[in-house]
Amino acid sequence: QKEVEQNSGPLSVPEGAIASLNCTYSDRGSQSFFWYRQYSGKSPELIMFIYSNGDKEDGRFTAQLNKASQYVSLLIRDSQPSDSATYLCAVGGTYKYIFGTGTRLKVLA
Amino acid sequence: DVKVTQSSRYLVKRTGEKVFLECVQDMDHENMFWYRQDPGLGLRLIYFSYDVKMKEKGDIPEGYSVSREKKERFSLILESASTNQTSMYLCASRAGQGSETQYFGPGTRLLVL
């Protein structure tokens, strides 16, 4: 069974700090990786995707991929209370994604 | 903007009823998906479709069926609803090869009594 693992949290960070969210995956052949944000009672919305080893930045968000170690991470700089949500890691296959169970982030004002 | 809509936000049904959940996308996407999401279990794939009239079982297809007669519409059917099918149901769509981003609908919260 191919798996995607995330720490369920909650991860609590003070406002303005960097939040670091991590995800590991088991299928070494995976090629595409996604981070979704999900507010309580809402559907997931895509934050970033990354395909290549290294860092990808978009505003306050940075995705990091290390295929050799089979992990992908999301950094949120200058965290805001509005960033408080559950963050889902997903690993893409030919047709299907495999989702982690999510990490709940709480940004404390 | 990609738009994925679902027929209901909230639904209450009785055990044994036949339930239809509909999903429509407006971006001519080839691939469509049905998930359910439960606390502690994350998103689990029920069925997906990569073309009209094509369907593939996901990880938890038991108790469900699907229909895709038109490209924009993907329906999830609970033939005989049971209480363990109380959940949040999420539809998603994605364009074909070369486009990986998957877009979600707003979700349907189903309660089976």
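Right above here is the structure, for reference.
Residues numbered from 1 in each chain as written. Chains lettered and ligands numbered in written order. Predicted model: local features only at pLDDT ≥ 70, side-chain atom pairs only at ≥ 80, totals over all residues. Heavy atoms only, no water.

Colleague: Would you mind showing me how to read the layout of surface pockets here?
Modeller: Of the voids in this model, the second largest pocket is the one considered here, and its volume is about 550 Å³. Residue lining of the second largest pocket: 25 residues in total, with Q38, S40 and T86 of chain A together with Q37 and P39 of chain B positioned closest to the centre. For the lining of the second largest pocket, the elements supplying multiple residues, two or more each, are β9 (85–92) and β11 (103–108) of chain A together with β4 (31–38) and β9 (87–94) of chain B. Tallying contributions element by element places β11 of chain A first for the lining of the second largest pocket, with five residues. Residue composition of the lining of the second largest pocket, grouped by class: seven nonpolar, 13 polar and five charged. (1 Å grid on protein atoms, 1.4 Å probe; cavity = no way out; pocket = protein on both sides within 12 Å on 5 of 7 lines; lining within 4 Å. Points joined across faces, edges and corners; volume = space filled by probe spheres on them. Helix = DSSP H or I, 4+ residues; strand = E, 2+ residues; numbered from the N terminus. Nonpolar A, V, L, I, M, F, W, Y, C, P; charged D, E, K, R; others polar.)

Colleague: I'm lost on the side chain of R68 of chain B in this one. Help?
Modeller: Residue and element names in this part refer to chain B. Here R68 lies in strand β7 (residues 64–70). Engagement of the side chain of R68 in a polar contact is seen with the backbone oxygen of H29, the distance being 3.1 Å. In contact with R68, other than residues within four places in its own chain, are Q25, H29, E30, N31, M32, S49, Y50, D51, V52, K53, R73 and F74. (Polar contact = N/O pair within 3.5 Å; in protein donor to acceptor, adjacent residues only side chain to side chain. Contact = heavy atoms within 4.5 Å.)

Colleague: Can you help me understand the pairing of β9 of chain B in this one?
Modeller: Residues in a regular strand project their side chains so that they alternate between the two faces of the sheet. Residue and element names in this part refer to chain B. Among the eight residues in β9, eight count as buried, and that is most of the element. Residues S87, Y89, C91 and S93 line one face of β9 and the alternating positions M88, L90, A92 and R94 line the opposite face, and both faces are buried. Bridging between β4 and β9 involves seven bridges; their strand directions are antiparallel. Following the sheet pairing, F33 is matched in β9 by A92. Here β9 pairs with strand β11 (residues 108–112) via three bridges, running antiparallel. Note that in β11 the partner of Y89 across the bridge is T108. Relative to strand β10 (residues 102–104), β9 is paired through three bridges, and the arrangement is antiparallel. In the sheet register, R94 faces β10, and the bridge partner there is Q102. (Buried < 20%, exposed > 50% of the residue type's maximum accessible area, 1.4 Å probe, protein only. Pairing = 2+ DSSP bridges.)

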